[in-house]
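# Topology and contacts: notes
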Amino acid sequence: MGKPPCIVIAGPPGSGKSTVGPLLAKRLGVPFRDSDDDIVARAGRPIAEIFADDGEPAFRALEEEVIAEALAEHDGVLSVGGGAVLAEGTQKRLVGHPVVFLNVGFAAGVQRVGLSTARPLLAGVNPRATYRSLLEARLPVYRAVATIEVATDDRTPAEIVDAIARELALEGTQ
Ligand SMILES: Nc1ncnc2c1ncn2[C@@H]1O[C@H](COP(=O)(O)OP(=O)(O)OP(=O)(O)O)[C@@H](O)[C@H]1O
Ligand SMILES: O=C(O)C1=C[C@@H](O)[C@@H](O)[C@H](O)C1
Ligand SMILES: [Mg+2]
(Lines give C-alpha, C1' and ligand atoms only; values in the text may rest on other atoms or scores of the structure.)
(Ligands and ions follow the chains in the order given, each with its own letter.)
Protein backbone atom coordinates (compact mmCIF):
# COMPACT_ATOMS: atom_id res chain seq x y z
CA MET A 1 0.00 0.00 0.00
CA GLY A 2 1.27 3.53 -0.79
CA LYS A 3 1.58 6.23 1.81
CA PRO A 4 -1.67 7.92 2.91
CA PRO A 5 -2.23 11.38 1.36
CA CYS A 6 -1.09 14.07 3.77
CA ILE A 7 -3.67 16.30 5.42
CA VAL A 8 -3.42 19.87 4.17
CA ILE A 9 -4.32 22.95 6.23
CA ALA A 10 -5.20 26.07 4.23
CA GLY A 11 -6.70 29.46 5.01
CA PRO A 12 -5.94 33.17 5.12
CA PRO A 13 -3.24 34.81 7.24
CA GLY A 14 -4.30 34.67 10.87
CA SER A 15 -6.59 31.65 10.43
CA GLY A 16 -4.17 29.66 12.59
CA LYS A 17 -2.57 27.25 10.11
CA SER A 18 0.83 27.34 11.83
CA THR A 19 -0.79 27.06 15.27
CA VAL A 20 -3.41 24.39 14.62
CA GLY A 21 -1.32 22.29 12.18
CA PRO A 22 1.29 21.12 14.72
CA LEU A 23 -1.42 20.43 17.32
CA LEU A 24 -3.38 18.32 14.84
CA ALA A 25 -0.22 16.42 13.86
CA LYS A 26 0.52 15.74 17.51
CA ARG A 27 -3.03 14.52 18.09
CA LEU A 28 -2.79 12.15 15.11
CA GLY A 29 0.79 11.09 15.95
CA VAL A 30 2.17 12.15 12.56
CA PRO A 31 4.89 14.62 11.46
CA PHE A 32 4.15 18.28 10.69
CA ARG A 33 5.43 20.57 7.94
CA ASP A 34 4.69 24.21 7.07
CA SER A 35 5.36 25.37 3.52
CA ASP A 36 6.37 28.85 4.75
CA ASP A 37 9.07 27.25 6.93
CA ASP A 38 10.25 25.10 4.01
CA ILE A 39 10.54 28.23 1.84
CA VAL A 40 12.52 30.12 4.47
CA ALA A 41 14.83 27.14 4.97
CA ARG A 42 15.41 26.74 1.24
CA ALA A 43 15.94 30.44 0.52
CA GLY A 44 17.89 31.05 3.72
CA ARG A 45 15.97 34.33 4.15
CA PRO A 46 12.72 35.45 5.82
CA ILE A 47 9.59 35.67 3.65
CA ALA A 48 9.48 39.47 3.78
CA GLU A 49 13.02 39.56 2.39
CA ILE A 50 12.19 37.15 -0.45
CA PHE A 51 9.22 39.37 -1.42
CA ALA A 52 11.36 42.52 -1.23
CA ASP A 53 14.43 41.15 -3.05
CA ASP A 54 12.94 38.78 -5.63
CA GLY A 55 9.28 39.87 -5.91
CA GLU A 56 6.04 37.99 -5.30
CA PRO A 57 6.12 35.88 -8.52
CA ALA A 58 9.50 34.37 -7.50
CA PHE A 59 8.08 33.66 -4.04
CA ARG A 60 5.00 31.98 -5.56
CA ALA A 61 7.16 29.80 -7.84
CA LEU A 62 9.23 28.63 -4.88
CA GLU A 63 6.04 28.07 -2.89
CA GLU A 64 4.54 25.86 -5.59
CA GLU A 65 7.77 23.87 -5.77
CA VAL A 66 8.09 23.19 -2.02
CA ILE A 67 4.41 22.25 -1.79
CA ALA A 68 4.65 19.83 -4.73
CA GLU A 69 7.58 18.15 -2.98
CA ALA A 70 5.83 18.02 0.37
CA LEU A 71 2.64 16.57 -1.13
CA ALA A 72 4.69 13.87 -2.84
CA GLU A 73 6.86 12.84 0.10
CA HIS A 74 5.34 14.07 3.37
CA ASP A 75 3.29 11.67 5.41
CA GLY A 76 1.44 13.79 7.98
CA VAL A 77 -0.03 17.29 8.27
CA LEU A 78 1.06 20.10 5.92
CA SER A 79 0.10 23.72 6.54
CA VAL A 80 0.38 25.77 3.35
CA GLY A 81 0.93 29.53 3.03
CA GLY A 82 -2.14 31.76 2.89
CA GLY A 83 -1.90 32.39 -0.87
CA ALA A 84 -0.65 28.94 -1.89
CA VAL A 85 -4.00 27.61 -3.06
CA LEU A 86 -4.27 30.38 -5.69
CA ALA A 87 -1.75 28.52 -7.87
CA GLU A 88 -3.47 26.30 -10.43
CA GLY A 89 -0.74 23.67 -10.24
CA THR A 90 -1.18 23.42 -6.48
CA GLN A 91 -4.98 23.22 -6.85
CA LYS A 92 -4.54 20.19 -9.12
CA ARG A 93 -2.03 18.54 -6.79
CA LEU A 94 -4.40 18.92 -3.83
CA VAL A 95 -7.03 16.67 -5.41
CA GLY A 96 -7.27 13.44 -3.40
CA HIS A 97 -5.92 15.02 -0.21
CA PRO A 98 -8.04 15.91 2.79
CA VAL A 99 -7.88 19.73 2.71
CA VAL A 100 -8.98 21.66 5.81
CA PHE A 101 -10.04 25.27 5.29
CA LEU A 102 -9.57 27.23 8.50
CA ASN A 103 -12.01 30.10 8.11
CA VAL A 104 -11.62 33.35 10.04
CA GLY A 105 -13.71 36.51 10.01
CA PHE A 106 -12.31 39.99 9.51
CA ALA A 107 -12.41 41.13 13.14
CA ALA A 108 -10.78 38.01 14.62
CA GLY A 109 -8.29 37.82 11.75
CA VAL A 110 -7.14 41.42 12.12
CA GLN A 111 -6.67 40.90 15.82
CA ARG A 112 -4.58 37.78 15.25
CA VAL A 113 -2.30 39.02 12.47
CA GLY A 114 -1.64 42.29 14.27
CA LEU A 115 -0.84 43.63 10.80
CA SER A 116 2.91 43.31 11.33
CA THR A 117 5.50 43.73 8.56
CA ALA A 118 6.38 40.03 8.81
CA ARG A 119 3.45 39.57 6.39
CA PRO A 120 4.56 41.45 3.30
CA LEU A 121 1.14 41.37 1.64
CA LEU A 122 -0.27 43.32 4.58
CA ALA A 123 2.59 45.80 4.92
CA GLY A 124 1.09 48.50 2.63
CA VAL A 125 -0.64 51.78 3.40
CA ASN A 126 -4.03 50.37 4.45
CA PRO A 127 -3.47 46.86 5.78
CA ARG A 128 -7.01 46.53 7.15
CA ALA A 129 -8.57 47.22 3.74
CA THR A 130 -6.04 44.90 2.07
CA TYR A 131 -6.87 42.16 4.56
CA ARG A 132 -10.62 42.63 4.02
CA SER A 133 -10.36 42.33 0.24
CA LEU A 134 -7.97 39.40 0.53
CA LEU A 135 -10.51 37.51 2.67
CA GLU A 136 -13.31 38.28 0.21
CA ALA A 137 -11.38 37.44 -2.94
CA ARG A 138 -9.96 34.19 -1.61
CA LEU A 139 -13.03 32.78 0.16
CA PRO A 140 -14.37 30.97 -2.95
CA VAL A 141 -10.91 29.57 -3.71
CA TYR A 142 -10.46 28.12 -0.22
CA ARG A 143 -13.95 26.64 -0.43
CA ALA A 144 -13.27 25.12 -3.85
CA VAL A 145 -10.14 23.27 -2.74
CA ALA A 146 -11.32 22.28 0.74
CA THR A 147 -12.92 19.01 1.74
CA ILE A 148 -13.59 20.31 5.27
CA GLU A 149 -14.32 23.86 6.49
CA VAL A 150 -13.86 24.79 10.14
CA ALA A 151 -14.83 28.16 11.64
CA THR A 152 -12.09 29.41 13.96
CA ASP A 153 -13.58 32.63 15.41
CA ASP A 154 -14.34 32.21 19.12
CA ARG A 155 -12.65 28.82 19.26
CA THR A 156 -9.37 27.90 20.91
CA PRO A 157 -6.75 26.02 18.87
CA ALA A 158 -7.54 22.88 20.95
CA GLU A 159 -11.26 23.18 20.11
CA ILE A 160 -10.40 23.60 16.44
CA VAL A 161 -8.26 20.45 16.51
CA ASP A 162 -11.21 18.59 18.07
CA ALA A 163 -13.51 19.84 15.29
CA ILE A 164 -11.04 18.84 12.55
CA ALA A 165 -10.49 15.38 14.05
CA ARG A 166 -14.27 14.84 14.16
CA GLU A 167 -14.75 15.99 10.55
CA LEU A 168 -11.82 13.90 9.31
CA ALA A 169 -13.28 10.80 10.95
CA LEU A 170 -16.62 11.51 9.26
CA GLU A 171 -14.90 12.09 5.93
CA GLY A 172 -13.04 8.79 6.30
CA THR A 173 -16.35 6.90 6.54
CA GLN A 174 -17.75 8.21 3.26
N1 LIG B 1 -8.05 29.96 17.40
C2 LIG B 1 -7.25 30.95 17.77
N3 LIG B 1 -7.63 31.80 18.73
C4 LIG B 1 -6.85 32.84 19.12
N5 LIG B 1 -5.63 33.13 18.58
C6 LIG B 1 -5.19 32.31 17.60
C7 LIG B 1 -5.96 31.18 17.14
N8 LIG B 1 -5.26 30.57 16.17
C9 LIG B 1 -4.11 31.27 16.02
N10 LIG B 1 -4.07 32.30 16.88
C11 LIG B 1 -2.98 33.33 16.99
O12 LIG B 1 -3.06 34.12 15.82
C13 LIG B 1 -1.76 34.42 15.33
C14 LIG B 1 -1.64 33.94 13.89
O15 LIG B 1 -1.72 32.50 13.88
P16 LIG B 1 -0.88 31.64 12.83
O17 LIG B 1 0.51 32.17 12.70
O18 LIG B 1 -1.03 30.21 13.23
O19 LIG B 1 -1.68 31.94 11.50
P20 LIG B 1 -1.39 31.46 10.02
O21 LIG B 1 -2.68 31.02 9.47
O22 LIG B 1 -0.28 30.45 10.05
O23 LIG B 1 -0.92 32.81 9.28
P24 LIG B 1 0.07 33.02 8.01
O25 LIG B 1 -0.73 32.71 6.78
O26 LIG B 1 0.46 34.44 8.06
O27 LIG B 1 1.24 32.08 8.19
C28 LIG B 1 -0.77 33.78 16.32
O29 LIG B 1 -0.36 34.74 17.24
C30 LIG B 1 -1.60 32.69 16.99
O31 LIG B 1 -1.16 32.45 18.30
O1 LIG C 1 -1.60 35.09 2.29
C2 LIG C 1 -0.52 35.11 1.66
O3 LIG C 1 -0.47 35.36 0.45
C4 LIG C 1 0.72 34.83 2.40
C5 LIG C 1 0.62 34.19 3.63
C6 LIG C 1 1.78 33.71 4.37
O7 LIG C 1 1.49 32.40 4.89
C8 LIG C 1 3.05 33.68 3.52
O9 LIG C 1 3.05 32.58 2.65
C10 LIG C 1 3.22 34.94 2.73
O11 LIG C 1 3.37 36.01 3.64
C12 LIG C 1 2.01 35.19 1.80
MG1 LIG D 1 1.60 30.39 9.13
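Residues numbered from 1 in each chain as written. Chains lettered and ligands numbered in written order. Predicted model: local features only at pLDDT ≥ 70, side-chain atom pairs only at ≥ 80, totals over all residues.

As recorded by an unreviewed UniProt entry, the protein chain carries the name Shikimate kinase and is attributed to Amycolatopsis deserti. Note on the protein chain: under the UniProt heading Sequence similarities (unreviewed entry), the record states "Belongs to the shikimate kinase family." Under the heading Function (unreviewed entry), UniProt records this for the protein chain: "Catalyzes the specific phosphorylation of the 3-hydroxyl group of shikimic acid using ATP as a cosubstrate." (UniProt positions renumbered as here; feature names shortened; annotations may be inferred.)

### Topic: the overall build of the protein chain
A count of helical and extended segments in the protein chain gives 8 helices and 5 strands. Order of helices (α) and strands (β) in the protein chain, N terminus to C terminus: β-α-β-α-α-α-β-α-β-α-α-β-α. Taking 2.2 N^0.38 as the reference for a compact globule, 174 residues should give roughly 16 Å; the C-alpha atoms of the protein chain span a radius of gyration of 15 Å, in line with that estimate. Projected onto its principal axes, the C-alpha positions of the protein chain cover 45 × 35 × 25 Å. When contacts within the protein chain are restricted to residue pairs at least 6 apart in sequence, long-range pairs at least 24 apart make up 74% of them. (Helix = DSSP H or I, 4+ residues; strand = E, 2+ residues; numbered from the N terminus. Rg over C-alpha atoms; globule rule 2.2 N^0.38 Å. Contact = placed C-beta atoms within 7 Å.)

### Describing the site of ligand 2
Residues in close proximity to ligand 2 include P13, D36, I47, G81, G82, G83, R119, P120 and L121, which together make up its full environment. When its residues are assigned to classes, the shell around ligand 2 shows 4 nonpolar, 3 polar and 2 charged. (Near = placed C-beta within 6 Å. Nonpolar A, V, L, I, M, F, W, Y, C, P; charged D, E, K, R; others polar.)

### Description of the sheet that holds strand β1 (residues 7–10)
Strands sit in the order β2-β3-β1-β4-β5 across an open sheet of 5 strands; the sheet is parallel. What marks the edges here is a single partner per strand, and that holds for β2 (32–34) and β5 (148–151). Taking each pair of neighbouring strands and ignoring which way they run, the sheet shows an average axis angle of 20°. Pairing analysis gives 3 bridges linking β2 to strand β3 (residues 77–79), with the strands arranged parallel. Its bridge partner being in β3, F32 is matched across the sheet by V77. Here helix α2 (residues 35–43) sits on the sheet and contacts β2 and β3; the angle it forms with β2, its principal contact strand, is near 65°. (Pairing = 2+ DSSP bridges. Axes fitted to C-alpha atoms, helices over the stretch in contact; angles between N-to-C directions.)

### Topic: the UniProt feature "binding site: ATP" (unreviewed entry) in the protein chain
Look at the UniProt record and you will see "binding site: ATP" (unreviewed entry) annotated at G14, S15, G16, K17, S18, T19, R119 and R155. In sequence the annotated residues extend across 142 residues, and in space they extend as well, their farthest C-alpha pair lying 23.2 Å apart. Locating R119 in the fold gives a position in the loop between α6 (106–113) and α7 (127–145). Looking at R119, the number of C-beta atoms within 10 Å reads 19, which means it is partly exposed. Along the chain, R155 turns up in the loop between β5 and α8 (157–172). (Buried ≥ 20, exposed ≤ 12 C-beta atoms within 10 Å, placed from the backbone.)

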